[in-house]
Amino acid sequence: MSTVAALVYRILLLLSPPGFRRECGGAAQALFERSLIGRSGRELMRRVLRGWWGLMQVTAAEWEEQFFGVPNAKRQWRGGVAMSISKMTTLRQAVRSVVRSPALSLGVIGLLGLGVGATVTVLSVVDGVLIRSLPYPESDRILLVDEGAHSWPDFIDWRETVPAFQVMAAGSGYSVILAGDVLQDIPVARVSGGFFELFDLEARVGRLPTDEELESDVPVGVLSHPAWERRWGADPDIVGRTVTLNGQPVEVIGVLSADFVPPQAITGTPDIILPIDQDGNLTRHDRSYTVLGRLAEGATIAQARAGLRSRAEAFATIEPDLYLDSDGALRRTFPPVTLQEATSGDARPPLLILLTGAGLLLLVAIGNAASLLLARGEARQGELAVRRALGGGPSIRHQLLTEATLLSLAGGALGLLAAMAGVRLVQAFEPGDLPRVEALAIDLRVTAMATALALLAGLLVGVIPAVRSGRSSPATTLRRAEAGARGRHAGTAGRWLVVAEATLASLLLVGSLTVVEGLRGLLSSDPGFDPANVWTVSINMGQLSDEESSTTGEQIRATLSDMPGVNAAGAGRTVPFQVVGGSRCCWVGELEYNGVEVDRIWIHPVTPGYFEALGITVAAGRSFRDEDHTTTNGPIILNQTAAREVFGDQDPIGRIARFGEQPLEVIGVIEDVNHWGADQDVEAEFYGTHDPFGGWASNLTFVMRAESAPSTTAIAAAVADVAPQAIVSDVMSMESRMSDSLSRQRFYSMILSIFAGFSLVLAMSGLGGTLLYDARQRRHELGVRMALGAPATRMARGVLVRGLLTVGTGAVLGLLAYWPLRRFTETVAPGVNAVDVSALAGFGGLLFVAVLLASWVPARLVAATDPAKALRDG
Amino acid sequence: MTANEHLPLSPRDFLILLVLVDGPLHGWGILKAVEERVGDEVLLDPANLYRSMKRLKRDGIVDEAAGQDEGASADQRRDFDLTDLGRAVVRAEAARLARLTQVAQAADLLGRGASGSRG
């Protein structure tokens, strides 16, 4: 609480004049923080509010001094002690004034509620996803060794030699088949010793495996609490029971405590945690494990980084081929990152964009609310001037500020309600890859943020009318009020507010249109294969030997391609658009030919029929045939990028490339395929009919080209004949895979569009209001001109032109502001074109229509002016 | 400027000057001393305090010196002390208030004579 309060104080301080901030800011901040030490409950709250309020008073008073010079002693702002009686009076007056014009007050509250609601919604997502620490003890000391998965020998070495870590653990998530009445595919994690110590875990029931058990082949496992409840009905006698995973018996020795949240980035969400299975993974080539470490007492992340880097250098002397690239530089340095960063990962840039968008919307709403209050301030000039003439200057400003604060607090409360709904919506609609989104909640921190935002907004909204109230001498104002004339300034200030609103709205609008346009472009871009009439189905064949996997996979493929209506069938470890969003799956290595080496080439184990089923064009050479399947060290097919990078201008067909020690013959080149999603660059990739590391995955995704969707049951029935233990997932069309792959970007762009839409509506209602106000003010003048023969249509056109000029200025300013920011749109949807002609055209068109709509009523009003009546009234 | 030209003081300024009569204090010291004298009921907030100090300094009523503790946080680095003028001002204000209080007493507003008869 104190930290948040201090942060708000710091932000409020930013609003005060620079002179005051320089001279007194630091001291006031320090004193404020000191005055909160050791306080709690109501006492703390009182001090926080008193501090904030005092700072707001001082800010207003200091700005006033800036504008109107040093007041004499009698005009001093009397806060503090003297105010204790008159404060209540001011408050009462403010409440009365707010209640007296309910429509206006509700308007201001609604506007601020919208702005605060949007901002707090995004803030609470940002807080939950990016800022709030992970639910582990001292979670900021848990580091992840970056650069993907690591080998078992590397992990063992770090654990023994890097002193910066108190404890390290390796782990990885898998899926296995759980035997029962029906076979089920369940997620499990295999972890090394140290895992439970690292997260400081306890067993709810039974016990946890020891570190020795975790690194032996003892078949034991612990259940996660949710899985224990869901799959085993929270059976209290579960300990000692045996479950069958991939055909192997495993003894359940315990259940984890309910509050443990598995580290998503490392283990997924496992139902069972099992000892690590380092069988066959003992070489440094096999990088299968995510590695975590907890910093030792007193150690820093820099020490950890240095320690890991020096190990990378040591590894390079042992196995230079593996750790050095062709230029002799370190291929990997194993930089550590905090688990927090690793967890929030990709979500950071787009969330920050959304936060900016929400902030812009809030500013537009503030501008709108300010112009409403300004208009009312004009209407109250007479009343205020009288009070000022009677010496009430300071208390008037005080009251205006109090009114704005009341309104903004009400707006903040509304915003909080809106944010509660907003967070629900985000949870309901987010595409499932926002980390920790299920734990989002509106709590004290978020409430404090909403209050702070509302107060800030109140200050911004209230300060303009307050400053204006002290501007002209009471006598002048009274004379003018008497004559029924209004200040010209109000019109000008109002128009500039609209320009500001239009600027911000344009910025949001052009940004969101660019993203939307870009996404449409991505969806319609050519992925390098023909997705129409392609269906995919993932099949887990269970625990099989490599040879069995290979044979069974081939049998299933043959079965599928014989099904009625199926024209071609094939399978891959992964298929295009299965692993998206910046992740990659499975294998990467180096391919070399004649001294030219590609450091990073992705390997796709596929079966014959894969290219045909997907409609991938073979650009040179040939596709795989059935007989290629059995060959170890068999032939490979490159994508065009790989062919260019490894072979340059030479024809690769028939040449032998080297993959480590293995000679691989290139038999074909295919056109580049967007395997990792439409927004990802195509990298060097090759396809082989065997796994170049030896072994075949037991989990394959099959692709079928068929006239109509094959039914999941039919496929399951057909597969059951050849592989009874296999589990068949739901059939999914390639087109829906592709569309789902951009669901995250679509989600972000949807929110951005909503913000942009709101801000456009607000800016346009601001414009409409100003034009209307203008038209009323100029009634007399219009009457005269019309009486002199000016046609009504020209007057109406004048209103429209005025609107276009005002918004046009804002649009130009908005575009200028967008220019340096344009690159950021790419973080919402990587690969979108930052400057899109159709987006700009759409922006112009939308804005023009909006201005027409907003000017319609004022223009009609002007055109319908009856000169005689206007002259009589005016 | 003579001391009288600064009168009347706002209650807040008066309280601040009063606590400085005993010797120099930094911001936190002033805040604490004011709270001790008037109780918890009224809090003087940091921003208003420093704004007042800025003005009092400008009017030559208080003076500022580097505090003893150089390494301390921003609010402890500066000590505030009364100038001679400041001392005169606070004395004059106290006298003024005392006179006003006497008037109030004479009018029987402060309760002391409420139960007595005017015999």
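Quick caveat: nothing in here was measured; it's all calculated off a predicted structure.

Before we move on, could you go through the overall build of chain A and cite the residues and values that matter?
Scanning chain A for helices and strands turns up 30 helices and 23 strands. By the burial criterion, 52% of the 874 residues in chain A qualify as buried. Partitioning the intrachain contacts of chain A with sequence separation of at least 6 by distance along the chain shows that 80% fall at a separation of at least 24. Total accessible area computed for chain A in this model is approximately 37,400 Å², and 57% of it derives from carbon and sulfur atoms.

Please provide a residue-by-residue account of the nonpolar core, values included.
Among the nonpolar cores identified, the biggest contains 102 residues, and Leu 351, Tyr 610, Tyr 687 and Met 764 of chain A are the most heavily contacted of them. If one sorts the elements of this core by residue count, helix α5 (residues 102–131) of chain A sits on top with 14 residues. Dropping the residues within four chain positions of it, Tyr 610 of chain A is found in contact with Ala 569, Gly 570, Ala 571, Gly 572, Thr 574, Val 575, Pro 576, Ile 616, His 675, Tyr 687 and Val 703 of chain A. With 52 residues, the next largest nonpolar core counts Val 48 and Trp 52 of chain A together with Leu 9 and Trp 28 of chain B among its residues.

Can you explain the pattern of salt bridges? Please cite residues and give values.
Any two side chains of opposite charge can pair, so long as their charged atoms come close to each other. Under the definition given, this model contains 23 salt bridges over all chains. The shortest N-O distance in the salt bridge between Arg 10 of chain A and Glu 33 of chain A comes to 3.5 Å. Of this pair, Arg 10 of chain A sits in helix α1 (residues 2–14) while Glu 33 of chain A sits in helix α2 (residues 18–36), and the two are 23 residues apart along the sequence. A relative accessible area of 47% means that Arg 10 of chain A is categorised as partly exposed. When its relative accessible area of 32% is taken as the criterion, Glu 33 of chain A is described as partly exposed. Through salt bridges with shared partners, one network takes in Arg 39, Glu 43, Arg 46 and Arg 47 of chain A together with Glu 35 of chain B.

Please provide a residue-by-residue account of the packing of aromatic side chains, values included.
Residue and element names in this part refer to chain A. Under the defined criterion, the tally for this structure stands at 21 aromatic pairs over all chains. Residues Tyr 9 and Phe 32 carry aromatic rings whose centres are separated by 4.1 Å and whose planes lie at 10° to one another, so their mutual orientation is stacked. On the criterion of sequence distance, the pair formed by Tyr 9 in helix α1 and Phe 32 in helix α2 is long-range, its members being 23 residues apart. For the pair formed by Tyr 9 and Phe 32, the shared burial category is buried. Aromatic ring contacts, followed pair by pair, group Tyr 136, Phe 195, Phe 196, Phe 199 and Phe 260 into a single cluster.

For a nonpolar patch on the surface, give the residues involved together with the corresponding values.
Residues and elements named next belong to chain A. Judged by side-chain polarity, Leu 425, Phe 429, Met 750, Ile 754 and Phe 758 come together as a nonpolar surface patch covering roughly 490 Å² of accessible area. For the nonpolar patch, the secondary structure elements donating two or more residues are α16 (393–429) and α25 (743–777). Here the nonpolar patch gets 3 residues from one element, more than from any other, and that element is α25. One can find Met 750 in helix α25.

I'd like a rundown of the sheet that holds strand β3 (residues 78–82) of chain B, residues and numbers included.
With antiparallel pairing, 3 strands are arranged side by side in an open sheet as β1-β3-β2 (chain B). Of all strands in the sheet, those bounded by a partner on one side alone are β1 (25–26) and β2 (62–66) of chain B.

Kindly report on the side chain of Thr 83 of chain B, identifying the contributing residues and their values.
All names here are of chain B. With respect to the helices and strands, the residue Thr 83 is situated in the loop between β3 and α4 (84–106). In this structure Thr 83 comes out as buried when scored by relative accessible area, which is 16%. Within the structure, the side chain of Thr 83 is placed 2.7 Å from the backbone oxygen of Gly 60, a separation counted as a polar contact.

Break down a negative patch on the surface for me, with residues and values.
All names here are of chain A. On the surface, Glu 197, Asp 200, Glu 202, Asp 211, Glu 212 and Asp 259 cluster together into a negatively charged patch. With respect to the helices and strands, the residue Asp 259 is situated in the loop between β8 (248–256) and α10 (264–267). Taking relative accessible area as the criterion, Asp 259 reaches 61% and is therefore assigned exposed.

Can you explain unusual backbone geometry? Please cite residues and give values.
In this structure, the amide linkage connecting Leu 7 of chain B to the following residue, Pro 8 of chain B, adopts the cis form with an omega of -10°. In this fold, Pro 8 of chain B is placed in the segment before α1 (11–20). Phi is positive for Glu 138 of chain A, which is not a glycine, with a value near 45°. As for its position among the elements, Glu 138 of chain A is in the loop between α5 and β1 (142–145). Residue classification places Glu 138 of chain A among the exposed positions, given a relative accessible area of 53%.

So what's going on with the packing of helix α24 (residues 734–741) of chain A against α25 of chain A? Which residues, and what values?
Residues and elements named next belong to chain A. Direction vectors running N to C along α24 and α25 enclose 45°, while the axes themselves pass 5 Å from each other. Compared by their axis directions, α24 and α25 come out oblique. For the pair formed by α24 and α25, the contact residues are Ser 739, Asp 740 and Ser 741 on the first element and Ser 743, Gln 745 and Arg 746 on the second. Classifying every residue of the contact of α24 with α25 by side-chain character gives no nonpolar, 4 polar and 2 charged.

Tell me about helix α11 (residues 301–318) of chain A, residues and numbers included.
Residue and element names in this part refer to chain A. Along its 18 residues, α11 runs 26 Å from first to last C-alpha, staying within 8% of the 26 Å computed at 1.5 Å per residue. If you check which residues of α11 are buried, you get Ala 304, Gly 307, Leu 308, Ala 312, Phe 315 and Ala 316. On its buried face, α11 sits against β1, α6 (152–161), β3 (165–178), β10 (287–295), α12 (320–323) and β11 (336–338).

Which residues make up α6 of chain A, and what values go with them?
All names here are of chain A. The set of residues buried in α6 consists of Trp 152, Pro 153, Asp 154, Phe 155, Asp 157 and Trp 158. At its buried positions, α6 is contacted by β1, β2 (150–151), β3, β10, α11 and α12. Two to three positions downstream of the cap, the backbone nitrogen of Asp 154 sits 3.3 Å from a side-chain oxygen, assigning the N-cap of α6 to Ser 151.

Can you tell me about the environment of Arg 77 of chain B, naming the residues and giving the values?
Structurally, the position occupied by Arg 77 of chain B is in the loop between β2 and β3. In this structure the C-alpha to C-alpha distance between Arg 77 of chain B and Ala 65 of chain B, which are 12 residues apart in sequence, comes to 8.7 Å.

For the packing of helix α27 (residues 792–821) of chain A against helix α29 (residues 837–863) of chain A, give the residues involved together with the corresponding values.
Residue and element names in this part refer to chain A. As a packed pair, α27 and α29 sit with axes 8 Å apart at the nearest point and diverge in direction by 145°. Where α27 crosses over α29, the two elements pack in a sense that is right-handed. Listed contacts from α29 to Ala 792, Met 795, Ala 796, Val 799, Leu 800, Gly 803, Leu 804, Val 807, Ala 811 and Leu 815 of α27 are Leu 840, Phe 843, Leu 847, Phe 848, Val 851, Leu 852, Ser 855, Pro 858, Ala 859, Val 862 and Ala 863.

Would you mind going over the confidence of the model for chain B in detail, with residue names and values included?
Residues and elements named next belong to chain B. Per-residue pLDDT for chain B averages 80, and the proportion of residues at 70 or more is 82%. α4 holds the highest mean pLDDT among the elements of chain B, 90, whereas β2 holds the lowest, 82. In this model, residues 113–119 is a region of pLDDT below 50 whose contacts with residues beyond four sequence positions or in other chains number 2 contacts.

Hey, could you go over the pairing of strand β9 (residues 272–275) of chain A for me, with residue numbers and the actual values?
Residues and elements named next belong to chain A. Two elements, strand β4 (residues 184–191) and β9, share 4 bridges in a ladder whose sense is parallel. Looking across to β9, one finds that Val 191 is bridged to Pro 275. Bridge count for strand β6 (residues 220–223) against β9 is 2 bridges, and the pairing is antiparallel. The partner of Leu 223 across the bridge, within β9, is Ile 272.

Rules and cut-offs
- Throughout, residues of each chain are indexed from 1 in the direction in which the sequence is written.
- The naming scheme follows written order: chains are lettered A onward, ligands numbered 1 onward.
- Local features in this predicted model are restricted to residues whose pLDDT is 70 or higher, and side-chain atom pairs enter the listing and the counts only when it is 80 or higher, whereas totals over whole chains, interfaces and linings include all residues.
- Here the side-chain values reflect all heavy atoms present in the structure, with hydrogen atoms and water set aside.
- In DSSP terms, a helix is any run of H or I states spanning at least four residues, a strand is any run of E spanning at least two, and both are numbered starting from the N terminus.
- Only protein chains enter the area calculation, which uses a 1.4 Å probe; residues under 20% of their type maximum are buried, those over 50% are exposed, and those in between are partly exposed.
- Should any heavy atoms of two residues lie within 4.5 Å, those residues are considered in contact.
- Only the protein chains shown count as cover for residues, and all accessible areas are computed by the Shrake-Rupley method using a 1.4 Å probe.
- The set of buried Ala, Val, Leu, Ile, Met, Phe, Trp, Tyr and Cys residues whose side-chain atoms join them within 4.5 Å is what this entry labels a nonpolar core.
- The salt bridge definition used is simple: a Lys or Arg side-chain nitrogen within 4 Å of an Asp or Glu carboxyl oxygen.
- Only centres within 6.5 Å qualify two rings of Phe, Tyr or Trp (six-membered ring in Trp) as a pair; their planes then separate them into stacked at under 30 degrees, edge-to-face at over 60, and tilted for everything else.
- Patches were defined on residues exceeding 30% relative accessible area and lacking a salt bridge, with like-charge contacts within 9 Å and nonpolar side-chain contacts (Val, Leu, Ile, Met, Phe, Trp, Tyr) within 5 Å.
- One bridge is not enough; two strands pair if DSSP finds at least two bridges between them.
- N or O atoms within 3.5 Å of each other form a polar contact, as long as, within protein, one can give a hydrogen and the other can take it, and as long as residues adjacent in sequence are counted only when both atoms are side-chain atoms.
- Note on charges: Lys and Arg go in the positive column, Asp and Glu in the negative column, and His and the chain ends are not counted at all.
- Here the site of a charge means NZ on Lys, CZ on Arg, CG on Asp, or CD on Glu.
- Axes here mean lines fitted to C-alpha atoms, for a helix over just the part in contact, with angles spanning 0 to 180 degrees between N-to-C directions.
- For classification purposes, angles smaller than 35 degrees are called roughly parallel, those larger than 145 roughly antiparallel, those between 65 and 115 roughly perpendicular, and all remaining angles oblique.
- The classification used treats Ala, Val, Leu, Ile, Met, Phe, Trp, Tyr, Cys and Pro as nonpolar, Asp, Glu, Lys and Arg as charged, and all other residues, Gly among them, as polar.
- Any helix carries an expected span of 1.5 Å times its number of residues minus one.
- Two helices crossing with the near one rotated counterclockwise from the far one by less than a right angle form a left-handed crossing, whereas a clockwise rotation gives a right-handed crossing.
- Here pLDDT means the predictor's own confidence in every residue, given as a number from 0 to 100.

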